[in-house]
Amino acid sequence: MERVVTANELAAIADEAMRTGRTVVGPVRRKERYFYEAVSRGADLALDFNYCVYSPRSFFLPSSETVLSYSIGTKEVKAAPATGGTPLLIMGVHPCDCNAVALLDAVFGSGVPDDHYLARRKDSIVVAVDCHGPCDQTAFCRDMGGNEAKEGFDVMLTPLNGGKGQAAERYLAAAATERGKELLAYNKVGKAPANADKDAAEKFREARNANFKKKLPYEAEKLPEILDRSYNSLLWQVTAKRCYSCGSCNLVCPTCYCFTVKDVPDLSCASGRRVREWDGCQLQDFATVAGGHNFRPESSSRLRHRIFRKGKWIKEQQGRMGCVGCGRCDRACTAKISVVEIYTQLAEER
Amino acid sequence: MVSPAPVSAKPKIAVFSLTGCEGCSLAILELEDVLLDILGKFEVVNFREAMTERSWDIDIGFVDGAVSTPSDVEEVKMFREKSKVLVAIGACACTGGINTLKNYQNEEDYRKYVYGNKWNVFPTIPAQPCSAFVKVDYELPGCPMNKFEFAELAKSVLLGKPFKLPSDPVCVECKKKGNLCLYEKGLVCLGPVTRAGCGAICPTYGAKCEGCRGLVDKPNLQAAAENMVNLYGMKIEDVLADFRMFGAYQKERIP
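Given the structure is predicted, the values throughout are model-derived calculations rather than measurements.

Let us now look at the overall build of chain A. When you go through chain A residue by residue, the secondary structure sums to 13 helices and 11 strands. At 22 Å, chain A has a C-alpha radius of gyration in line with the 20 Å of a compact globule built from 350 residues. When each of the 350 residues of chain A is scored for burial, the buried share is 55%. If you take every contact in chain A between residues at least 6 apart in sequence, the share linking residues at least 24 apart comes to 72%. Total accessible area computed for chain A in this model is approximately 15,800 Å², and 51% of it derives from carbon and sulfur atoms.

The structure is reproduced here in structure tokens:
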């Protein structure tokens, strides 16, 4: 299902979603950067944003959430699972983050399904908006295939006019899921695309494809093979000399999903909450187990672990790249350690 | 990590102060929402900031302030002797805090600056944390300490559960809050090597982290010095001064 919609009509869809009880989230400009935030008017959504500092991950996997509350009686322990938040409409998600959502869906939906994550996803609608090209010089989405999304969204918006940094007034809205079709049908907005609209969309896609340039000297499919040869590379130790193990790269990553679980008792000590919080494999105690043994005590081994997860192991487990190339890790690193540089250097080592 | 010593059914607690502003003692009284619950679980027997009664039968003694005078030395030893569990609270008691800045100045100069012409009647020693003189069971760092961390320690003691400070750096809390990194705004912050637990309160309000909670367990100070000088154009003297603000007494030094 495809409709041509105006920017005003998209704002009206957001306003209607709010009226019917959804929280509407999208890119909002805060001084020099954009952030995903809940808005109070659809018109506040900045669909011409370059990139958001954080991905929409925190709306599906909050940095801290209560998973159950418990009380210890004299005879029994009672535990009640916590339920999800309000239904969401996230409008303005770039293809890289859609790919990340698709990966999180696969991870939390397989094995023992994660009820908390899935409940939030079930109640959410994701409206994607296509990019004119790389959002800045840090992104390497073209290499990782992150600049093309087939999943992780319900409706894809293709700008029909405007340009980089200039908001489009008209979009081609293509529903990718039943939920997406319902959203467009329910709001009764827009009109069927004319041939001229289809041409404009095609022209946009051709231009965008030309704008995305490769950064790696090889195809990303080769990455697992290159990493296989690099497990004992000196590069890990050399790079770790600059690394703080601060975990910033993990915590801004749209595909990082590791968490830790803590019990937080009330002062009465007879009741409390079980809380899960974001964790990150770069942090000193990430691989510390009961008894105190740490499987990755050296920061070089943690650094290598992250690169192997993103470039090889997640691909092997989930059939999808663990990295979407959004470049947030490189931007967040105050030591200016770059994943692209690491991938490039490893290839040069052979 | 020390497991809590056995304590009586309603543990008796005391709060003492050495050289400092006593802001950490005050932080306990600012635990308004849970203060009554704490008072229901603990018996406060000695607390200069809050009461006139004095008892020396103490299960858990909390100390704020640095050891900075000869009388502080005697007092901290007495607090240790009288308390089954001794907890240092706040930057001064845990790392010496900003008091240690005087250790890098001329003694006569700073004594005259503070006490004027009566300077020689107030004896002084280089400022040091409690742990330089006595065994300290737990430390709750920060300037001031995080009062909620105080409540967490209280719960751990009641449950007989080990208490451990966060090992993550402040960056983790900034990212969890969704802050824009101060480095992106051109500020060089000590967050990457400073122990979390403050909720990244300074960066959240736009001020750089000054490291009041001390360093993480394994800080990469070599990286800190090189990155701050080579990547951010700081002078090495300024880097050292930033680290000295709260960290003058810490064992880990910029190499």
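Right, picking up where we left off after that structure.
Below, the discussion takes up the side chain of N187(A). Residues and elements named next belong to chain A. Along the chain, the position of N187 falls in helix 6 (residues 178–187). For N187, a relative accessible area of 16% translates into the label buried. For N187, the side chain forms a polar contact with the main-chain oxygen of L183, separated by 2.8 Å. With residues up to four places along the chain from it excluded, the contact list for N187 reads I13 and E16.

Each packed pair of helices is defined by two parameters, the angle between the axes and the distance between the axes. Residue and element names in this part refer to chain A. Viewed as axis vectors pointing N to C, helix 11 (residues 299–318) and helix 13 (residues 339–349) meet at an angle of 85 degrees, and their least axial separation amounts to 12 Å. Judged on the interaxial angle alone, helix 13 and helix 11 are roughly perpendicular. Between helix 11 and helix 13, the contacting residues are R306, I307, K310 and G311 on the first element and V339, I342 and Y343 on the second. Grouping the constituent residues of the contact of helix 11 with helix 13 by class yields four nonpolar, one polar and two charged.

So, about the pairing of strand 2 (residues 23–30) of chain A. Residue and element names in this part refer to chain A. Bridge analysis of strand 2 against strand 6 (residues 88–93) gives three bridges, and the strand direction is parallel. Its bridge partner being in strand 6, T23 is matched across the sheet by L88. Strand direction decides the pairing type here: strand 2 and strand 3 (residues 33–38), joined by six bridges, are antiparallel. Residue V25 lies in a different strand from strand 3, and its bridge partner there is A38. The loop that links strand 2 with its antiparallel partner strand 3 comprises two residues; one of these, K31, has a positive phi angle of about 55 degrees.

What follows is about the domain arrangement of chain A. All names here are of chain A. When the domains of chain A are assigned, the result is domain 1 (2–211) and domain 2 (220–348). Relative to domain 2, the C-alpha centre of domain 1 lies at a distance of 25 Å. Listed per partner, the contact involves 43 residues of domain 1 and 40 residues of domain 2. Between domain 1 and domain 2 the total buried area reaches about 3,400 Å² when both faces are included, carbon and sulfur atoms providing 59% of it. E151 is the salt-bridge partner of R320, the closest N and O atoms lying 3.2 Å from each other. Seen at the junction of domain 1 and domain 2, the total is 20 residue pairs in polar contact (both at pLDDT 80 or more). Mapped by element, the contributors of at least two residues to the side of domain 1 that touches domain 2 are helix 2 (57–60), strand 4 (64–72), helix 3 (95–109), helix 4 (115–122) and helix 5 (141–144). No other element matches helix 3, which puts 10 residues into the side of domain 1 that touches domain 2. A per-class count over the side of domain 1 that touches domain 2 returns 24 nonpolar, 12 polar and seven charged.

A cluster of nonpolar side chains, contributed by Y113(B), V114(B), Y115(B), V121(B) and F122(B), occupies part of the molecular surface with about 570 Å² of accessible area. Looking at where V114(B) falls in the secondary structure, it is placed in helix 5 (residues 107–115).

Residue and element names in this part refer to chain A. Evaluated as defined, the whole model comprises 15 aromatic pairs over all chains. Centre to centre, the rings of Y34 and F49 are 6.2 Å apart; their planes meet at 65 degrees, and the pair counts as edge-to-face. Placement of the pair is Y34 in strand 3 and F49 in the loop between strand 3 and helix 2, with a sequence separation of 15 residues. Accessibility assignment for this pair places Y34 and F49 in one class, buried.

Another aspect to go through is the sheet that holds strand 3 of chain A. All names here are of chain A. The seven strands lie next to each other as 1-9-8-7-6-2-3, forming an open sheet whose pairing is mixed. One side of each edge strand has no neighbouring strand; the edge strands of this open sheet are strand 1 (2–6) and strand 3. Sheet twist, expressed as the average angle between the axes of neighbouring strands with direction ignored, equals 25 degrees. By the bridge criterion, five bridges tie strand 8 (residues 155–159) to strand 9 (residues 170–175) in an arrangement that is antiparallel. Bridge assignment links T158 to a residue of strand 9, and that residue is L172. Contacts from helix 3 reach strand 3, strand 6, strand 7 (124–129) and strand 8, with the element oriented near 135 degrees to strand 6.

Our focus in this paragraph is the interface of chain B and chain A. Every contact between the two is made by 35 residues of chain B and, on the other side, 35 residues of chain A. Roughly 2,900 Å² is buried in total at the junction of chain B and chain A, and carbon and sulfur atoms are behind 59% of that figure. Applying the counting rule to chain B against chain A returns three salt bridges. Among the ionic pairs, E184(B) bridges to R33(A), the shortest N-O distance being 2.6 Å. At the level of secondary structure, the elements contributing two or more residues to the side of chain B that touches chain A comprise helix 2 (32–41), helix 6 (147–159), helix 7 (170–177) and helix 9 (221–231) of chain B. Here the side of chain B that touches chain A is built from residues that sort into 18 nonpolar, five polar and 12 charged.

On to helix 7 of chain B, then. Among the eight residues in helix 7 of chain B, six count as buried, and that is most of the element. Within helix 7 of chain B, the full set of buried residues consists of V170(B), C171(B), V172(B), E173(B), C174(B) and K175(B). Taken together, the buried residues of helix 7 of chain B touch helix 10 (248–252), strand 11 (271–278) and helix 12 (328–332) of chain A together with helix 8 (201–204) of chain B.

For the rest of this paragraph, the subject is the environment of C98(A). Residue and element names in this part refer to chain A. Within the secondary structure, C98 sits in helix 3. With relative accessibility at 0%, the residue C98 sits in the buried group. Note: C-alpha distance between C98 and K150 (52 residues apart in sequence) is 8.2 Å. Not counting chain neighbours up to four residues away, the residues in contact with C98 comprise V93, A128, A149, E151, G152 and F153.

Conventions used here
- Residues numbered from 1 in each chain as written.
- Chains lettered and ligands numbered in written order.
- Predicted model: local features only at pLDDT ≥ 70, side-chain atom pairs only at ≥ 80, totals over all residues.
- Heavy atoms only, no water.
- Helix = DSSP H or I, 4+ residues; strand = E, 2+ residues; numbered from the N terminus.
- Rg over C-alpha atoms; globule rule 2.2 N^0.38 Å.
- Buried < 20%, exposed > 50% of the residue type's maximum accessible area, 1.4 Å probe, protein only.
- Contact = heavy atoms within 4.5 Å.
- Areas by Shrake-Rupley, 256 points an atom, 1.4 Å probe, with all protein chains shown as cover.
- Polar contact = N/O pair within 3.5 Å; in protein donor to acceptor, adjacent residues only side chain to side chain.
- Axes fitted to C-alpha atoms, helices over the stretch in contact; angles between N-to-C directions.
- Parallel < 35°, antiparallel > 145°, perpendicular 65-115°, else oblique.
- Nonpolar A, V, L, I, M, F, W, Y, C, P; charged D, E, K, R; others polar.
- Pairing = 2+ DSSP bridges.
- Domains from an automatic or database assignment.
- Buried area = accessible area lost by both parts, 1.4 Å probe.
- Salt bridge = Lys/Arg side-chain N within 4 Å of Asp/Glu carboxyl O.
- Patch = residues over 30% accessible without salt bridge, like charges linked within 9 Å, V, L, I, M, F, W, Y side chains within 5 Å.
- Phe/Tyr/Trp six-rings, centres within 6.5 Å; stacked < 30°, edge-to-face > 60°.

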